[in-house]
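# Analysis of the macromolecular model
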Amino acid sequence: MGKDVIIACDFNGAEETLRFLDKFEGKKPYVKIGMELFYSEGPDIVRKIKARGHKIFLDLKLHDIPNTVNKAMKVLSSLDVDMCNVHGAGTIDMMKAALEGLKRDDGTRPLLIAVTQLTSTTEDRMREELLIDRPLEDVVKVYGENAMKAGLDGVVCSPLEAEGVHQTCGKDFLTVTPGVRFQGADLGDQARVTTPEMAKALGSDYIVVGRPITKAEDPVKAYMDCLKDFVE
Ligand code: C5P
């Protein structure tokens, strides 16, 4: 599986998003559509960006009872997205149901990955608010194992956990890693972060980069810098 940089297009309207993507001209970056954009524009925004030739990671982080997630995934799969996700906390049964729902009649399906612990979560908050009294790294590995048992393709985790996940689940099990910041940049609400270069050294398969690209003075340069540091 090739390494790539996925731009988190966290905008709330189609116009702003398409204007942003226009800046990239011939380049066709892998695009992440999250809740903000999907909930404001609906499935049409997925079709529009797909028609421009971008690969799409639809990041809706489903988490519900297995039957509901299965039915929702059937709908998302028909949108021809390349990757989508669920919360690993939904259990192995829920992940299996999600995977089943994604299978298209022709036998293809988008990649399916599971969120382990959000990169904005810290070990303290996990212990105090979620009552999970284990090292964060272990929790991420166990969620990875659960996702693998359910037949998923990988997990969403911090680059800091990518190595541990690969050791536990094998090198072909995908690690899709948000929580990426350039050296010395503002962390915003993220807690477990690394630079693109460090994410590469730690073995991430895909980095998901939002504000360091979308809010950059020159987003195309910021994207190219990420590619240079992470892929080349
Ligand atoms: O702007 P920033 O680079 O922090 O954006 C990271 C993106 O990755 C956001 O769209 C966020 O929803 C997403 N994400 C995350 N942590 C996860 C899963 C997804 O930050 N565990």
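Anyway, here's the lowdown on the structure attached to this text. (Residues numbered from 1 in each chain as written. Predicted model: local features only at pLDDT ≥ 70, side-chain atom pairs only at ≥ 80, totals over all residues. Heavy atoms only, no water.)

For the rest of this paragraph, the subject is the layout of surface pockets. Of the voids in this model, the largest pocket is the one considered here, and its volume is about 640 Å³. The wall of the largest pocket is formed by 32 residues, among which Asp 10, Lys 32, Asp 59, Lys 61 and Gln 190 lie closest to the centre. If you list the elements that add at least two residues to the lining of the largest pocket, you get strand 2 (30–34), helix 2 (35–41), strand 3 (56–62), strand 8 (206–209) and helix 10 (211–214). Top element by residues in the lining of the largest pocket is strand 3. It accounts for three residues. A breakdown of the residues in the lining of the largest pocket according to their chemical character gives 13 nonpolar, ten polar and nine charged. (1 Å grid on protein atoms, 1.4 Å probe; cavity = no way out; pocket = protein on both sides within 12 Å on 5 of 7 lines; lining within 4 Å. Points joined across faces, edges and corners; volume = space filled by probe spheres on them. Helix = DSSP H or I, 4+ residues; strand = E, 2+ residues; numbered from the N terminus. Nonpolar A, V, L, I, M, F, W, Y, C, P; charged D, E, K, R; others polar.)

What follows concerns the site of the ligand. Around the ligand, the structure places 16 residues, and the nearest of them are Asp 10, Lys 32, Thr 119, Arg 181 and Arg 211. Protein coverage of the free-state accessible area of the ligand, which is 470 Å², stands at 88%. Under a 2 Å grid-point criterion requiring more than half of the atoms, the pocket assigned to the ligand is the largest pocket. Every element with two or more residues in the shell around the ligand is listed here: strand 3, strand 8 and helix 10. Its residues placed into classes, the shell around the ligand shows seven nonpolar, three polar and six charged. (Near = heavy atom within 4 Å. Areas by Shrake-Rupley, 256 points an atom, 1.4 Å probe, with all protein chains shown as cover. Sits in = over half its atoms within 2 Å of the grid points.)

What follows concerns the pattern of salt bridges. In total, this model carries 15 salt bridges according to the counting rule given. Arg 47 is the partner of Asp 44 in a salt bridge, and the nearest nitrogen-oxygen pair spans 3.7 Å. Here the residue Asp 44 and the residue Arg 47 both occupy positions in helix 3 (residues 43–51), the gap between them amounting to three residues, near one helical turn. The partly exposed category is assigned to Asp 44, whose relative accessible area is 38%. With a relative accessible area of 46%, Arg 47 lands in the partly exposed category. A salt bridge links Lys 103 to Glu 100, with the shortest nitrogen-to-oxygen separation between them at 3.1 Å. (Salt bridge = Lys/Arg side-chain N within 4 Å of Asp/Glu carboxyl O. Buried < 20%, exposed > 50% of the residue type's maximum accessible area, 1.4 Å probe, protein only.)

Let us now look at helix 1 (residues 14–22). Three or four residues apart is the spacing at which side chains of an α-helix point the same way, because the helix has 3.6 residues per turn. Here helix 1 has its buried residues at Ala 14, Thr 17, Leu 18, Phe 20 and Leu 21. Burial along helix 1 is one-sided: seen end-on, the buried residues are contained in an arc of 155 degrees. Relative to its buried face, helix 1 has exposed residues pointing more than 90 degrees away, namely Glu 15 and Arg 19. In this structure, the buried residues of helix 1 make contact with strand 1 (4–8), strand 2, helix 2, helix 3, helix 10 and helix 11 (219–230). (Arc of directions from axis to C-beta. Contact = heavy atoms within 4.5 Å.)

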